[in-house]
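Coordinates in review
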Amino acid sequence: LFRSSRQARACAAIRPLRFSLSAATDMRRLAHDWYEGEVPANVIFDGSNFIETSYSFLLFRSRLAAGLTMGHGAAVYANTMFDVGPDGRVGIGDYAMVNGARIVCDAALDIGAYCLISWNVLLFDNYRTPFDLPGRRAYIDAQLGDGAKAQALMQQPQPIRIGSNVWIGHDAVVMPGVQIGEGSVIGARSVVTASVPAYCIAAGNPARVIRSLEPS
């Protein structure tokens, strides 16, 4: 409760901070950015979004016209890294928050509206490195000298889809091909190897459903 009407008026006057592109919008430089970088031209966002730093796109290599699309009010905070391959596409829904996660995408990775993705979460749609020993050796050798060959030796990606209103706790890992249903919660440090239904809590390694939730 407010002790005075003056306090109430002062609190009501507070507005969320807004960050915008610098005057050189063609350079896609963030006015508040500590990093001397730019938001890639194929990242689709607007004034309703918050991107803390262009450093999050250091590993962003998508060649698609819309390699990353941010919904209205979506936010990406510090220590988030988009490791997106040439054919990768990432979608972040309205008002979703990605806070210090690593997103590895070579095909498609969709995060629904109002999702909360906590720090150190790993979402990856491709193991990239082959499982068999000869394949791994060839992949590593190619990484050292022939990027195109390394790309050809990678495993096939398996898209990830995260429904709306999902909360993924810190240090959790979501593996290729997983779908997480609307309204579910993934416990901290869980390893999600299989799809999770809507409106439940899943936790553990490997993650399993431990509780159902009532849709509201």
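Criteria and cut-off values
Residues numbered from 1 in each chain as written. Predicted model: local features only at pLDDT ≥ 70, side-chain atom pairs only at ≥ 80, totals over all residues. Heavy atoms only, no water. Pairing = 2+ DSSP bridges. Helix = DSSP H or I, 4+ residues; strand = E, 2+ residues; numbered from the N terminus. Salt bridge = Lys/Arg side-chain N within 4 Å of Asp/Glu carboxyl O.

**Quick notes on the sheet that holds strand β1 (residues 43–44)**
Read from one edge of the open sheet, six strands run β1-β3-β6-β9-β12-β15, paired in parallel fashion. The sheet is open, and its two borders are formed by β1 and β15 (179–180), each paired with just one other strand. Summarising the sheet, β1 and strand β3 (residues 68–70) pair through two bridges and their orientation is parallel. Residue pairing across strands places Val43 opposite Leu68, the latter belonging to β3.

**Overview of the sheet that holds strand β16 (residues 185–186)**
Taken together, the eight strands give an open sheet; going across it, the order is β2-β4-β7-β10-β13-β16-β18-β19, and neighbouring strands pair in mixed fashion. Here the strands that pair on one side only, and so sit at the sheet edges, are β2 (50–51) and β19 (207–212). Taken together, the three bridges between strand β4 (residues 75–77) and strand β7 (residues 97–99) define a ladder with parallel strand orientation. Residue Tyr77 lies in a different strand from β7, and its bridge partner there is Asn99.

**Quick notes on the pattern of salt bridges**
Evaluated as defined, the whole model comprises seven salt bridges. One salt bridge in this structure joins Arg61 and Asp83, with 3.0 Å as the shortest N-O distance. Linking Arg61 in the loop between β2 and β3 with Asp83 in strand β5 (residues 81–84), this pair joins segments that are 22 residues apart in sequence. With a closest N to O distance of 3.0 Å, Asp83 and Arg128 form a salt bridge. With Asp83 in strand β5 and Arg128 in the loop between β11 (122–124) and α2 (133–145), the pair connects residues that are 45 residues apart, well separated along the chain.

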